[in-house]
Amino acid sequence: MTYAMHPFTLHHPRSVEEALSMAADHPGALYLAGGTDLMVNLRKRLHEPHHVVSLAGIDELRGVALEGGQLTIGALTTIGELANHPLVLEHLPVLAGAAALVAGPTLRGMGTLGGNLCLDTRCRYYNQSHFWRQANDFCLKKDGDVCHVAPGGSFCWATYSGDTAPALLAYDAELDLAGPEGENSGERTVALNDFYGPDGRWSIGEEPGGRRPGELLLRVRMPLPESDPESGWEGCYEKLRVRDSIDFPQLGLATRLLRRDGKLEAIRMALTAVNPRPMVVAGLEEFSGRVLDLALVDDLKRKANKTGKPMRTAVADTAYRRTMIGALVEKAIERLVPELAEPLAERRRLD
Ligand SMILES: Cc1cc2nc3c(=O)[nH]c(=O)nc-3n(C[C@H](O)[C@H](O)[C@H](O)COP(=O)(O)OP(=O)(O)OC[C@H]3O[C@@H](n4cnc5c(N)ncnc54)[C@H](O)[C@@H]3O)c2cc1C
Ligand code: SF4
């Protein structure tokens, strides 16, 4: 019975209130959105809940709207809708670009923004069948007591590998969350950057992080005019994966920048798939006012490399992924600052 799921009761609430009350009645229950990640993980017995609360019938969680100077996106909005929605394309092109690169078309049609942001962390020793994990004495994150990536330690390095979070970090997104009755009850708003914990076990609620047990993600909010196309900000999302048609990122980089008269006014970058949480590249403020030249590109690469810490959690070689952080920074700059494309290409030819 290696592949049998742990038996659970499936609940079908029709409102947020009902969903929260079901979560309160059944501590440890998991929410099911599109199911594109959760169902796979249940089959592998990475989670063994007794209760699962389907969000499919809660229409108030769907949709994209522009209201009160903010763009809001319901948690149940599908990734496919995000990639094609006129408001997202106009105001959040980096998010639209990242969404268009999530998995393949069928998964984008089922998978939701909420599920993408709450994605369980991934590791080559964890995303395996129960049989495989059992044969390897399991691991710290589930059922075992050793980390196969860093055996001496007590930290889990499993990576957050969603594509939308880095894009949303580049827009300073906030999340509206609602907790079930009890100590986590009520609604609160947190910056997306505060939603994740440092250890790879945050995603299953075993480590401190912003996420609290039983909390439901309601919507994502972005301030305007920060995301207004008139503001002059430009951006892109670059992704490294094994098969371009479907795979999770081995590395992802969201970039937004504002430039004027050959100088950088401001830049934001965020990485995915190289740390247990999506990470804003730190310290980029110091580059404001610098001339857009190759020396600046090298400094950006250094900062990104300091932030991204690829470990042996993915199929691609660690040193290769580390090198590719810099390569994706170059690629992003080539797209956003076309006048640097030729000098960068020339330098690569000479290297
Ligand atoms: C072959 C394959 C390739 C994939 N490639 C990619 C990829 O390239 N990029 C990528 O980002 N993802 C990828 N995925 C993962 C997944 O398809 C997407 O991340 C998708 O957006 C997940 O959304 P979902 O609605 O299906 O989440 P679910 O599977 O329903 O849920 C995922 C997790 O989020 C929790 N959750 C869901 N909604 C909420 C909510 N509103 N509040 C609180 N918790 C919630 C669930 O409890 C669960 O823990 C891939 C999956 C597969 C199977
Ligand atoms: S990083 Fe270590 S503890 Fe975490 S899932 Fe991988 S092997 Fe397990």
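Worth saying up front: this structure is predicted, and the values here are computed from it rather than measured.

So, how was this worked out
- Residues numbered from 1 in each chain as written.
- Chains lettered and ligands numbered in written order.
- Predicted model: local features only at pLDDT ≥ 70, side-chain atom pairs only at ≥ 80, totals over all residues.
- Heavy atoms only, no water.
- Domains from an automatic or database assignment.
- Contact = heavy atoms within 4.5 Å.
- Buried area = accessible area lost by both parts, 1.4 Å probe.
- Salt bridge = Lys/Arg side-chain N within 4 Å of Asp/Glu carboxyl O.
- Polar contact = N/O pair within 3.5 Å; in protein donor to acceptor, adjacent residues only side chain to side chain.
- Helix = DSSP H or I, 4+ residues; strand = E, 2+ residues; numbered from the N terminus.
- Near = heavy atom within 4 Å.
- 1 Å grid on protein atoms, 1.4 Å probe; cavity = no way out; pocket = protein on both sides within 12 Å on 5 of 7 lines; lining within 4 Å.
- Sits in = over half its atoms within 2 Å of the grid points.
- Nonpolar A, V, L, I, M, F, W, Y, C, P; charged D, E, K, R; others polar.
- Points joined across faces, edges and corners; volume = space filled by probe spheres on them.
- Buried < 20%, exposed > 50% of the residue type's maximum accessible area, 1.4 Å probe, protein only.
- Areas by Shrake-Rupley, 256 points an atom, 1.4 Å probe, with all protein chains shown as cover.

The next point concerns the domain arrangement of the chain. With domains assigned, the chain is organised as domain 1 (59-118 + 159-223) and domain 2 (232-350). Taken over C-alpha atoms, the centre of domain 1 sits 22 Å from the centre of domain 2. Across the boundary between the two partners, domain 1 contributes 27 residues, which contact 26 residues of domain 2. Buried surface at the junction of domain 1 and domain 2, summed over both partners, amounts to about 2,100 Å²; 61% is from carbon and sulfur atoms. Counting the contacts that link domain 1 with domain 2 gives two salt bridges. The interface formed by domain 1 and domain 2 contains 16 residue pairs in polar contact (both at pLDDT 80 or more). Contributions of two or more residues to the side of domain 1 that touches domain 2 are made by α5 (93-100) and α9 (164-170). Top element by residues in the side of domain 1 that touches domain 2 is α9. It accounts for five residues.

As a matter of local geometry, ligand 2 sits amid Cys123, Tyr125, Tyr126, Cys139, Leu140, Lys141, Cys147, His148, Val149, Cys156, Trp157 and Ala158. Because more than half of its atoms lie within 2 Å of the grid, ligand 2 is assigned to the largest cavity. For the shell around ligand 2, a count of residues per class yields ten nonpolar, one polar and one charged.

A separate point is the layout of surface pockets. Counted as a void, the second largest pocket has a volume near 190 Å³. For the second largest pocket, the lining is made up of 16 residues, of which Leu169, Asp172, Asn193, Arg268 and Val280 are closest to its centre. If you list the elements that add at least two residues to the lining of the second largest pocket, you get α9 and β11 (263-272). In terms of residue count, the dominant contributor to the lining of the second largest pocket is β11 (four residues). Here the lining of the second largest pocket is built from residues that sort into twelve nonpolar, one polar and three charged.

The residue Leu240 is located in strand β9 (residues 234-240) in this model. You can call Leu240 buried: its relative accessible area is 11%. Sequence spacing of Leu240 and Gln250 is ten residues, and the spatial spacing of their C-alpha atoms is 5.5 Å. Those residues in contact with Leu240 that lie beyond four places of it in its chain are Phe248, Pro249, Gln250, Leu251, Tyr320, Met324 and Leu328.

Before going further, it helps to examine the site of ligand 1. Looking at ligand 1, there are 34 residues lining it, with Tyr31, Thr36, Leu38, Thr112 and Asp163 nearest. Contacts to ligand 1 include Thr36, whose side-chain N or O atom sits 2.5 Å from an oxygen atom. The separation between a nitrogen atom of ligand 1 and a polar side-chain atom of Asp163 is 2.7 Å. For ligand 1, whose unbound accessible area comes to 980 Å², protein coverage reaches 92%. Secondary structure elements with two or more residues in the shell around ligand 1: β2 (30-32), α7 (113-117) and β8 (216-223). Split by residue class, the shell around ligand 1 holds 18 nonpolar, ten polar and six charged.

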